[in-house]
Amino acid sequence: MTEEPAVAEAARTETPTVPVPTRARVGRQVRVPKTAELVAAELRRQIVRGELKPGDALPPESGLMEQFGISRPTLREAFRVLESESLITVRRGAHGGARVSAPDSDVAARFAGLILEYRGATLGDVYRAAAVIEPPCVRQLAAKHTADDIKRLRDAVAAEKTVLDDPLSLVDAQDTFHALLVELTGNQTLILLCGMLRNIIDRANASYTAAATDAATQKAQALKGHRAHVRLVGLIESGKADEAEKLWQRHISGADDVVNGAGPKTVLELID
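Everything numeric in this text was worked out from a predicted model, so none of it was measured. Note that residues are indexed from 1 along each chain, following the sequence as it is written. Side-chain atom pairs in this predicted model are given and counted only at pLDDT of 80 or more, local residue features only at pLDDT of at least 70, and totals for whole chains, interfaces and linings cover all residues. As a rule here, side-chain values come from all non-hydrogen atoms in the structure, and water together with hydrogens is ignored.

Within the protein chain one finds 11 helices and two strands. Here's how the labels work: a residue is buried when its accessible area is under 20% of the maximum for its type, exposed when over 50%, partly exposed in between, all with a 1.4 Å probe on protein chains only. Here the protein chain holds 272 residues, and 38% of them are scored as buried. Surface accessibility follows the Shrake-Rupley procedure with a 1.4 Å probe radius. Residue values consider only the protein chains on display as shielding. Summing over all exposed atoms, the protein chain offers an accessible surface of approximately 16100 Å²; the carbon and sulfur share of this is 55%. Here a strand is any run of E in DSSP of at least two residues, a helix any run of H or I of at least four, and the numbering for each starts at the N terminus.

Here it is as structure tokens:
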């Protein structure tokens, strides 16, 4: 609902009881943040720092309005900002309210996919980026791993085996295996970056699989991929870092060739 002019003006001129950035380069024009942006920034900071945890209910609107010294329209604008970032969910009505959500990497992946599609990126671009990240992770895992790491990898390939005759389920299972290889490194930056790439690749793979008409060829490719995953786990368990890294480099490059070879149009199409 659009605010009335007088209310909107009040929201812009309120003096919130939240920190306001004041440092700026001399001579540089500065955009003063809207009150709602400042309130959203403070709540965002509390969520990211763990002061507000997933599932926590935010205080009632009246309490937040008093705390920040703002109007209801301004508070609801701040809520809309945080909802767009998937940091809170808001239920309307008498029994509604705002609850904290965990920051979701899928949100970042959707935005990244949107930008890549706008720039005309190809599936090859995304696969080559994955080929930069995943093989060194495999090398690291082969050099240093635990018995639990190997168990999780073996469980993942066992899950693949149960769905070899279900192409779409197999796509999900194999993509889970790829993500696990990076997750087991424990590097949160790589996990996030690779998660964004895998989200895009997952959607592209699912579209390719759903559109494929040659069931025999598709199954042969699926079996080849599964065998590569099984072999990789063996190399990691044996500590053969060089062989594991090279195998995974070939595997990702081969997947790139298959998907891009399926048709002349390889530009990303991720918008539903």
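Turning next to the pairing of strand β2 (residues 97–100). Judged by which residues are buried, β2 turns out to be one-sided: Ala-98 and Val-100 face inward and are buried, whereas Gly-97 and Arg-99, on the alternate face, are not. Strand pairing is assigned whenever DSSP detects at least two bridges linking the two strands. The pairing of strand β1 (residues 88–91) with β2 spans four bridges and is antiparallel. Residue Val-90 lies in a different strand from β2, and its bridge partner there is Ala-98.

It is worth spelling out helix α7 (residues 147–161) at this point. Helices are assigned an expected span. That span is 1.5 Å times one less than the residue count. Helix length check: α7, at 15 residues, gives a terminal C-alpha distance of 21 Å against a target of 21 Å (1.5 Å per residue), a fit within 8%. Those residues of α7 that fall on the buried side of the exposure criterion are Asp-149, Ile-150, Leu-153, Ala-156, Val-157 and Glu-160. The arc enclosing the buried residues of α7, seen along the axis, measures out at 120°, which places them on a common side. Turned more than 90 degrees off the buried face of α7, the exposed positions are Ala-147 and Lys-161. Residues of α7 that are buried in the fold lie against α6 (123–143), α8 (167–183) and α10 (215–237). Comment: arc refers to directions from the helix axis out to C-beta atoms. A contact between two residues is defined here by any heavy atoms of the two lying within 4.5 Å.

With that settled, consider the nonpolar core. The criterion is simple. A nonpolar core is a set of buried Ala, Val, Leu, Ile, Met, Phe, Trp, Tyr and Cys residues joined through side-chain atoms within 4.5 Å. By size, the foremost hydrophobic cluster in this structure holds 33 residues, and its most contacted members are Val-138, Leu-153, Phe-177, Leu-181, Leu-232, Ile-236 and Trp-248. Every element with two or more residues in this core is listed here: α6, α7, α8, α9 (188–211), α10 and α11 (241–260). Residue contributions to this core peak at 10 residues, all from α6. Among all residues touching Leu-181, those that are not within four sequence positions of it are Cys-137, Val-138, Leu-141, Leu-153, Leu-232, Ile-236 and Trp-248. Residues Val-39, Ile-47, Leu-52 and Ile-88 belong to the second largest nonpolar core, which totals 20 residues.

Okay, unusual backbone geometry next. We note that Ser-86 has phi near 60°; this positive angle belongs to a residue other than glycine. Residue Ser-86 is classed as partly exposed on the basis of its relative accessible area, which comes to 25%.

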